[in-house]
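Architecture at a glance
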Amino acid sequence: MMWLTIFSMAAVVFISRYLLLEPKLPLRLSEKTLTFLSYSAPAVLTAILAPIVFSPEGHLDISIDNSYLICAVVATLLAYFTKNTLLTTVLSIGLFFIIY
Amino acid sequence: MESTTKSSAYLKGMLAVMPLTIAVIPWGVLAGSLALEVGLTALQSQAMSAIIFAGSAQLVALGMIKAGIGIGSILITTLLITSRHLLYAMTMRSQISPMSLKWRLSLGFLLTDELFAIAQQSGSEASSRHKLDPWYALGGGLTFYLGWNLATFLGIVAGQSIDNLEELGLDFAIAATFIALVVPTVKKPSILVCVLVSLVLAVICAVFEIQVGLLIASISGMCAGMAYAKLTNEGEKKAAVLTEHVSEFETQDHSQSHEKEHTKNEEKR
């Protein structure tokens, strides 16, 4: 049963990644669609990260005691000012493990 | 000469994805150790990362397996989480679909948030006539795949010796990585609007335990960003670039010329 779960999940994931790369799939992308899609990465990634940061315990937690939030703010500032992915991730994860 | 450009593009991809690969280590460790704890065998735990290769889907599914939830619900949830790849693939369709089947299958399998991010980055650096170098994407994708699987392996090994590994807050690594990916993309006010709408809705949905929160939040964010750009006429220049892109896509039919042309571009750079 576990193997069935693993393989069927793999199929779902692979199809979602491959389907729209298939040239035989009749799909003409309008200029408007492409513009709309250019917002997909920031929107989706934000939707995944926001609950981890703002409600790590399942309820809204905007306080100085929320290490996730503090470190996320630090990461945002680092990313904005340094524009360096490695520095941003390593420093903010390091800080998180110190204060968590 | 040609092989040098290929390997230099491959190397460039490797370097571009390196920071993200390092950042994904805690997350991979979590995926490996949690799988063991949920009751998967070591082989199954590794297979999840090797075959599925989708961090957030794996972690959510493990939580559901632990809670005794059936395969049907697990697959529907997987579909929801992974649906963003449809958006990524659609965005990269004009670049990847003219390539050969071999390239499409490999890059399709390797198409993660991280690969998408570095592919878009390479686009912003290049001119408006940007084409994705398949070797660059392969270098990035494979490096990330190896990193993810090594980290999972580490988690499987460590999970057997350390208790409560999932309470160490390894999930912050996910947040940190995604912050590092999102912040540099916020180059226009409309993207900021998109991010803020998505953020607020995602948190609201999470607090009220709305299952499809991820979809609601991201689609709303995208619509809000687009609407803002339209209201402020922000998108005019961008639209022109994209039109050029589309017409390129329509006239382009085989990967051979595509590859050669790209090689030329690479040399110019």
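Presented here is a report on the structure given in the accompanying data block.

The rules behind these values
- Residues numbered from 1 in each chain as written.
- Chains lettered and ligands numbered in written order.
- Predicted model: local features only at pLDDT ≥ 70, side-chain atom pairs only at ≥ 80, totals over all residues.
- Heavy atoms only, no water.
- Axes fitted to C-alpha atoms, helices over the stretch in contact; angles between N-to-C directions.
- Helix = DSSP H or I, 4+ residues; strand = E, 2+ residues; numbered from the N terminus.
- Parallel < 35°, antiparallel > 145°, perpendicular 65-115°, else oblique.
- Left-handed = near helix turned anticlockwise from the far one by under 90°.
- Contact = heavy atoms within 4.5 Å.
- Nonpolar A, V, L, I, M, F, W, Y, C, P; charged D, E, K, R; others polar.
- 1 Å grid on protein atoms, 1.4 Å probe; cavity = no way out; pocket = protein on both sides within 12 Å on 5 of 7 lines; lining within 4 Å.
- Points joined across faces, edges and corners; volume = space filled by probe spheres on them.
- Buried < 20%, exposed > 50% of the residue type's maximum accessible area, 1.4 Å probe, protein only.
- Salt bridge = Lys/Arg side-chain N within 4 Å of Asp/Glu carboxyl O.
- Core = buried A, V, L, I, M, F, W, Y, C linked by side-chain atoms within 4.5 Å.
- Polar contact = N/O pair within 3.5 Å; in protein donor to acceptor, adjacent residues only side chain to side chain.

**What about the packing of helix α1 (residues 2–18) of chain A against helix α5 (residues 71–82) of chain B?**
- One way to put it is that α1(A) packs onto α5(B) with a least axis distance of 10 Å and a crossing angle of 25 degrees. Between α1(A) and α5(B), the angle is such that the two are roughly parallel. α1(A) and α5(B) meet at a crossing whose hand is right-handed. Here Leu4(A), Thr5(A), Ser8(A), Met9(A), Val12(A), Val13(A) and Ser16(A) of α1(A) lie close against α5(B), whose contacting residues are Ile71(B), Ile74(B), Leu75(B), Thr78(B), Leu79(B) and Thr82(B).
- Considering only residue class, the contact of α1(A) with α5(B) consists of 8 nonpolar, 5 polar and no charged.

**Some points on empty space enclosed by the protein**
Residues and elements named next belong to chain B.
- Considering all chains together, one arrives at 4 cavities of 30 Å³ or more under this definition.
- Its volume calculated, the largest cavity comes out at about 110 Å³.
- Forming the boundary of the largest cavity are 14 residues, of which Ala54, Gly55, Thr112, Glu114 and Phe144 lie nearest the centre.
- Of all elements in the fold, only α4 (55–66), α6 (84–96), α8 (113–125) and α9 (134–159) reach the threshold of two or more residues within the lining of the largest cavity.
- When grouped by side-chain class, the residues that make up the lining of the largest cavity number 6 nonpolar, 4 polar and 4 charged.

**With respect to the environment of Pro51(A)**
All names here are of chain A.
- Following the sequence through the fold, Pro51 ends up in helix α3 (residues 40–54).
- Classification of Pro51 by relative accessible area gives buried; the value is 17%.
- Linking Pro51 and Met1, residues 50 residues apart in sequence, is a C-alpha distance of 31 Å.

**Digging into the pattern of salt bridges**
- Considering all chains together, one arrives at 2 salt bridges over all chains under this definition.
- One salt bridge connects Glu22(A) with Arg104(B), and the closest N-O pair in it is separated by 3.6 Å. Highlighted residues: Glu22(A) in the loop between α1 and α2 (31–37) and Arg104(B) in helix α7 (residues 101–109), drawn from two different chains. Each member of the pair, Glu22(A) together with Arg104(B), is buried.

**A short note on the nonpolar core**
- Core analysis: the biggest nonpolar cluster contains 99 residues, and Met48(B), Ile52(B), Leu62(B), Phe172(B) and Phe178(B) have the highest contact counts within it.
- Examining the composition of this core, we find that 11 residues originate from one element, α3(A), more than from any other.
- Setting aside anything within four residues of it in sequence, one finds Ile52(B) in contact with Ile6(A), Met9(A), Ala10(A), Val13(A), Arg17(A), Ala47(B) and Gln58(B).

**Focus: the side chain of Thr88(A)**
- Residue placement: Thr88(A) occurs in helix α5 (residues 85–99).
- Within the structure, the side chain of Thr88(A) is placed 2.6 Å from the backbone oxygen of Asn84(A), a separation counted as a polar contact.
- Not counting the four nearest positions on each side in its chain, Thr88(A) is found in contact with Ala75(A), Leu78(A), Ala79(A), Thr82(A) and Ala180(B).

**Here we look at the layout of surface pockets**
- The calculated volume of the second largest pocket comes to roughly 1,500 Å³.
- What lines the second largest pocket is a set of 39 residues, and nearest its centre among them are Ile48(A), Pro51(A), Ile52(A), Val60(B) and Ala206(B).
- Those elements that provide at least two residues to the lining of the second largest pocket are α3 of chain A together with α2 (25–38), α4, α5, α11 (189–207) and α12 (213–231) of chain B.
- The leading source of residues in the lining of the second largest pocket is α4(B), at 7 residues.
- Here the residues of the lining of the second largest pocket are counted per class, giving 25 nonpolar, 8 polar and 6 charged.

**Things to note about the side chain of Thr112(B)**
- For Thr112(B), the position within the fold is in the loop between α7 and α8.
- Excluding residues that lie within four positions of it along the chain, Thr112(B) makes contacts with Arg17(A), Phe53(B), His85(B), Tyr88(B) and Phe144(B).

**Observations regarding the environment of Leu11(B)**
Residue and element names in this part refer to chain B.
- Mapped onto the elements of the fold, Leu11 is located in helix α1 (residues 2–23).
- Classification of Leu11 by relative accessible area gives partly exposed; the value is 49%.
- Separated by 129 residues in the primary sequence, Leu11 and Gly140 have C-alpha atoms spaced 8.2 Å apart.

**Focus on the environment of Ser8(A)**
- Looking at where Ser8(A) falls in the secondary structure, it is placed in helix α1.
- Classification of Ser8(A) by relative accessible area gives buried; the value is 17%.
- Distance from Ser8(A) to Pro42(A), taken between C-alpha atoms, is 28 Å for residues 34 residues apart in sequence.
- Not counting chain neighbours up to four residues away, the residues in contact with Ser8(A) comprise Ile71(B) and Leu75(B).
- Polar side-chain contacts of Ser8(A) include one of 2.5 Å to the backbone oxygen of Leu4(A).
- Within polar-contact distance, the side chain of Ser8(A) engages the backbone oxygen of Thr5(A) at 3.3 Å.

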